[in-house]
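As a plain string of letters, each chain reads:
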Number of protein chains: 2
Amino acid sequence: MAVYTEVADEALRAFLAEYELGELVAYRGIAEGVENSNYALRTTAGDFILTLYERRVDPRELPYFLGLMEHLAARGIPCPTPVKGRDGRALRALAGRPAAICTFLPGVWPRRVRPEHCAPLGAALAALHAAGEGFEPVRENALGPRGWPPLLEACRARGDEVREGLVAELDAALSAILRDWPAPGALPRGHIHADLFPDNVFFLDGPDGKPRVSGLIDFYFACTDLLAYDIAVCLNAWCFETDLSFNVTKARALLSAYQATRPLTATERAALPVLCRGAAIRFLLTRLYDWTHTPPGALVTRKDPLEYLRRLRFHAEARGPSAYGL
Amino acid sequence: MAVYTEVADEALRAFLAEYELGELVAYRGIAEGVENSNYALRTTAGDFILTLYERRVDPRELPYFLGLMEHLAARGIPCPTPVKGRDGRALRALAGRPAAICTFLPGVWPRRVRPEHCAPLGAALAALHAAGEGFEPVRENALGPRGWPPLLEACRARGDEVREGLVAELDAALSAILRDWPAPGALPRGHIHADLFPDNVFFLDGPDGKPRVSGLIDFYFACTDLLAYDIAVCLNAWCFETDLSFNVTKARALLSAYQATRPLTATERAALPVLCRGAAIRFLLTRLYDWTHTPPGALVTRKDPLEYLRRLRFHAEARGPSAYGL
């Protein structure tokens, strides 16, 4: 749940005075986003989102995230644009937290993904990858393959409380994933979102009544990694039904639209199953970590790790890219 | 915590189609408000709040709440105005819940109450009471004096887990409050808000730089009761510092501004201490009930009941209305 930090009125006013944003008109906490405190901010200059970065975000990484958003927005990606203060800086402090104001994006994230969402999603992801070119900073993926073994270790003692035999199954799955993972240099790299779940993608209906992407948000897992891994995250996040069956129509729509901008190489296509296994184990492990490390009374929604075990098993049985409609 | 109910996109679209509000532009969950799910809704017609009424609200009482808001708004009170659909109805259903759209109000609720907030608050409360005249429906205060003994009974078994001796102290305090409570007919009655805490009052700075009330929200405890009891709720909610010392400057500002519109009768002034004790025990008892009945893992912020024990003790020692600056 969001809004961890309350900001005193005077502090907010003093903070806003550092910008050319006019007078405060409204200020409401937003119930979405798990990691940070987000406020819908309205001033006489328009609508904005004020984000206070909470403990899970390393302040040293914020220049990468904000710089990437600025770079992408300048190239036409509908992502939040950091707003600079009178001193030219976008990142400052409020209520003892790093804080930034970004532009507000219209749209609604899909509570229920339909196949019509998946083509615009694929196109937006390819555009994001293309627009990221030329952004020089590099951020390693802290939740990439090198991050997974220590996460599993941290879950070893209590993982089987979630499900009998889970840790052994994950040991075997992770070994196989790391063994099959693409060699360095084998696949195109670039800046990826790495967390492009439905609640991070806003849509609005176009004049034809079909959904169009109006916003991509929450770049706080973005990093420099395999572009096709971002696709694998989306296949996990967008193409399974609530009963965890895989909807290949959605996958095909996503992949076709992506490839209309950037065709996958043969190596990328062949790697899709292991990239999907990797993405599944990444979310499984972080959810399992949260599950086994969250005190019972904490005000946090714990997401079920086992949903990702079922996804992982699906990908482990995929014979090749045809499992995803390719 | 807010946002209990997620609404599927198609259901939202179908719901909106029942209104003359144009096209959906944005839709975000609001992290404020404990009882209901609230969404900031933007359409091509403007900004609105969509509320889904959750279990604590009795659907049979919604016509009273919505009717009162409409009545007050028509008389210039800056409260949410229910928006009617094409069929003339403001109350309908969405995602299996009663639901209504109201107008959006600008402003910011004060995270830290300053004395300058209390005069505009008092004036707004008096205006609310005056504007309520002529609204015919009646809603008994379910959390008024008759509701307190059963609440205390429900807390009897576990109340002392919060503090040793608490139940005995509350037994004695409640008996005294009920003994001293104004006789029926002794004080002016009308429609009261009954929950006018700082997070239910929005302010904006006026041209003189001083805060002005821009919105009064959350009328879902409103009822027909003693007007001065609403003042007592505000004295409890606005005039204690975080260390629970009583700030008589704030109280005087609130009461003076209130009396500029509606002077209190001598009987009302004399009753202020017992009304304040009543308001304190009302919030103490509901918090204590929530504290002792909330499962440890529930995603709800439990508010400390003991803050109201200290307020109750303050009021019990008040010799008369002079304790509040009168």
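Residues numbered from 1 in each chain as written. Chains lettered and ligands numbered in written order. Predicted model: local features only at pLDDT ≥ 70, side-chain atom pairs only at ≥ 80, totals over all residues. Heavy atoms only, no water.

1. Some remarks on the overall build of chain A
Counting its regular elements, chain A contains ten helices and nine strands. Its C-alpha radius of gyration of 20 Å places chain A within 12% of the 20 Å reference for a compact globule of 326 residues. Among the 326 residues that make up chain A, the fraction classed as buried is 57%. The contacts in chain A between residues at least 6 apart in sequence include a share of 72% that link residues at least 24 apart. A total accessible area of about 13400 Å² is found for chain A, and carbon and sulfur atoms account for 54% of it. Side chains of chain A carry 37 positive and 39 negative charges; the gap between the two charge centres is 3 Å. (Helix = DSSP H or I, 4+ residues; strand = E, 2+ residues; numbered from the N terminus. Rg over C-alpha atoms; globule rule 2.2 N^0.38 Å. Buried < 20%, exposed > 50% of the residue type's maximum accessible area, 1.4 Å probe, protein only. Contact = heavy atoms within 4.5 Å. Areas by Shrake-Rupley, 256 points an atom, 1.4 Å probe, with all protein chains shown as cover. Lys, Arg positive; Asp, Glu negative; His and termini not counted. Charge placed at Lys NZ, Arg CZ, Asp CG, Glu CD.)

2. Here we look at the sheet that holds strand 2 (residues 37–43) of chain A
All names here are of chain A. Taken together, five strands build an open sheet; the order of strands is 1-2-3-5-4 and the sheet is antiparallel. Both outer strands of the open sheet, strand 1 (24–29) and strand 4 (92–94), are each paired with one neighbouring strand and no more. Strand-to-strand twist of the sheet, defined as the mean angle between neighbouring strand axes without regard to direction, takes the value 35°. Pairing geometry for strand 1 and strand 2, over five bridges, is antiparallel. (Pairing = 2+ DSSP bridges. Axes fitted to C-alpha atoms, helices over the stretch in contact; angles between N-to-C directions.)

3. Concerning the nonpolar core
Of all hydrophobic cores here, the largest spans 81 residues; its most connected members are Leu170, Phe219, Leu235, Trp238, Ile281 and Leu312 of chain A. Of the residues forming this core, the biggest block, twelve residues, is contributed by helix 9 (residues 266–293) of chain A. A domain-level breakdown of this core finds at least three residues from each of domain 1 (9–103) and domain 2 (115–324) of chain A. In this view, Trp238 of chain A contacts Pro110, Val113, His117, Cys118, Leu121, Leu196, Phe197, Pro198, Val201, Phe203 and Lys250 of chain A; residues no more than four positions away in its chain are not counted. Residues Tyr64, Leu68, Leu121 and Leu128 of chain B belong to the second largest nonpolar core, which totals 80 residues. (Core = buried A, V, L, I, M, F, W, Y, C linked by side-chain atoms within 4.5 Å. Domains from an automatic or database assignment.)

4. Comments concerning the sheet that holds strand 3 (residues 46–52) of chain B
Residues and elements named next belong to chain B. With antiparallel pairing, the five strands of this open sheet are ordered in space as 1-2-3-5-4. Looking at which strands have only one partner, the edges of the open sheet turn out to be strand 1 (24–29) and strand 4 (92–94). Ignoring which end each strand starts from, the neighbouring axes of this sheet average 35° apart. Where strand 3 lies against strand 5 (residues 97–103), five bridges are found, and the strand directions are antiparallel. Bridge pairing in strand 5 links Thr51 to Ala100. Each of strand 1, strand 2 (37–43), strand 3, strand 4 and strand 5 is contacted by helix 1 (residues 9–16), which is oriented at about 165° to strand 4, the strand it contacts most.

5. Comments concerning the pattern of salt bridges
All names here are of chain A. With the rule as written, the count across this model stands at 58 salt bridges over all chains. Between Glu18 and Arg92 there is a salt bridge, with the nearest N and O atoms lying 2.5 Å from each other. Highlighted residues: Glu18 in the loop between helix 1 (9–16) and strand 1 and Arg92 in strand 4, separated in sequence by 74 residues. Glu18 gets classed as partly exposed once you look at its relative accessible area, which sits at 33%. By relative accessible area, which is 6% here, Arg92 ends up buried. One salt bridge connects Arg114 with Glu116, and the closest N-O pair in it is separated by 2.9 Å. Accessibility expressed as a relative area gives 37% for Glu116, which makes it partly exposed. (Salt bridge = Lys/Arg side-chain N within 4 Å of Asp/Glu carboxyl O.)

6. Quick look at the pairing of strand 5 of chain B
Side-chain positions along a regular strand alternate between the two faces of the sheet. Residue and element names in this part refer to chain B. Note that strand 4 and strand 5 share three bridges and pair antiparallel. The partner of Arg92 across the bridge, within strand 5, is Ala99. Here strand 4 hands over to strand 5 after two residues, with Ala95 in that stretch at a positive phi of 50°.

7. Description of the domain arrangement of chain A
Residue and element names in this part refer to chain A. Looking at chain A, the domain boundaries give domain 1 (9–103) and domain 2 (115–324). Relative placement of domain 1 and domain 2: their C-alpha centres are 27 Å apart. Note on domain 1 versus domain 2: buried area summed over both sides is about 1800 Å², and carbon and sulfur give 70% of it. Contact with domain 2 buries surface across domain 1, with Tyr64, Phe65 and Pro78 losing the most and accounting together for 31% of the total. Along the contact surface separating domain 1 from domain 2 lie eight residue pairs in polar contact (both at pLDDT 80 or more). When grouped by side-chain class, the residues that make up the side of domain 1 that touches domain 2 number twelve nonpolar, three polar and four charged. (Buried area = accessible area lost by both parts, 1.4 Å probe. Polar contact = N/O pair within 3.5 Å; in protein donor to acceptor, adjacent residues only side chain to side chain. Nonpolar A, V, L, I, M, F, W, Y, C, P; charged D, E, K, R; others polar.)

8. Brief notes about empty space enclosed by the protein
Throughout the structure, instances matching the rule amount to four cavities of 30 Å³ or more. When its volume is computed, the largest cavity comes out at roughly 240 Å³. Among the elements of the structure, strand 1, strand 2 and strand 3 (46–52) of chain A together with strand 1 and strand 2 of chain B are those that each provide at least two residues to the lining of the largest cavity. The residue inventory of the lining of the largest cavity, partitioned by class, reads 14 nonpolar, two polar and six charged. Quantified by volume, the second largest cavity comes out at close to 60 Å³. Lining the second largest cavity are Asp9 and Arg13 of chain A together with Val108, Trp109, Pro110, Arg114, His117, Phe203, Asp205 and Pro211 of chain B. Every element with two or more residues in the lining of the second largest cavity is listed here: helix 1 of chain A together with strand 7 (201–205) of chain B. (1 Å grid on protein atoms, 1.4 Å probe; cavity = no way out; pocket = protein on both sides within 12 Å on 5 of 7 lines; lining within 4 Å. Points joined across faces, edges and corners; volume = space filled by probe spheres on them.)

9. Focus on the side chain of Asn247 of chain B
Residues and elements named next belong to chain B. Among the secondary structure elements, Asn247 is positioned in the loop between helix 7 (227–238) and helix 8 (248–261). Within the structure, Asn247 has its side chain in polar contact with the backbone nitrogen of Thr249 (distance 3.0 Å). In this structure the side chain of Asn247 is engaged in a polar contact, spanning 3.1 Å, whose partner is the backbone nitrogen of Lys250.

10. Quick look at the packing of aromatic side chains
Residues and elements named next belong to chain A. Using the criterion set out here, one finds 34 aromatic pairs over all chains in the structure. When the ring of Tyr27 is compared with that of Tyr39, the centres are 4.6 Å apart and the planes differ by 15°; the resulting orientation is stacked. Here Tyr27 is found in strand 1, whereas its partner Tyr39 is found in strand 2, with twelve residues between them in sequence. Classification of Tyr39 as buried rests on a relative accessible area of 0%. (Phe/Tyr/Trp six-rings, centres within 6.5 Å; stacked < 30°, edge-to-face > 60°.)

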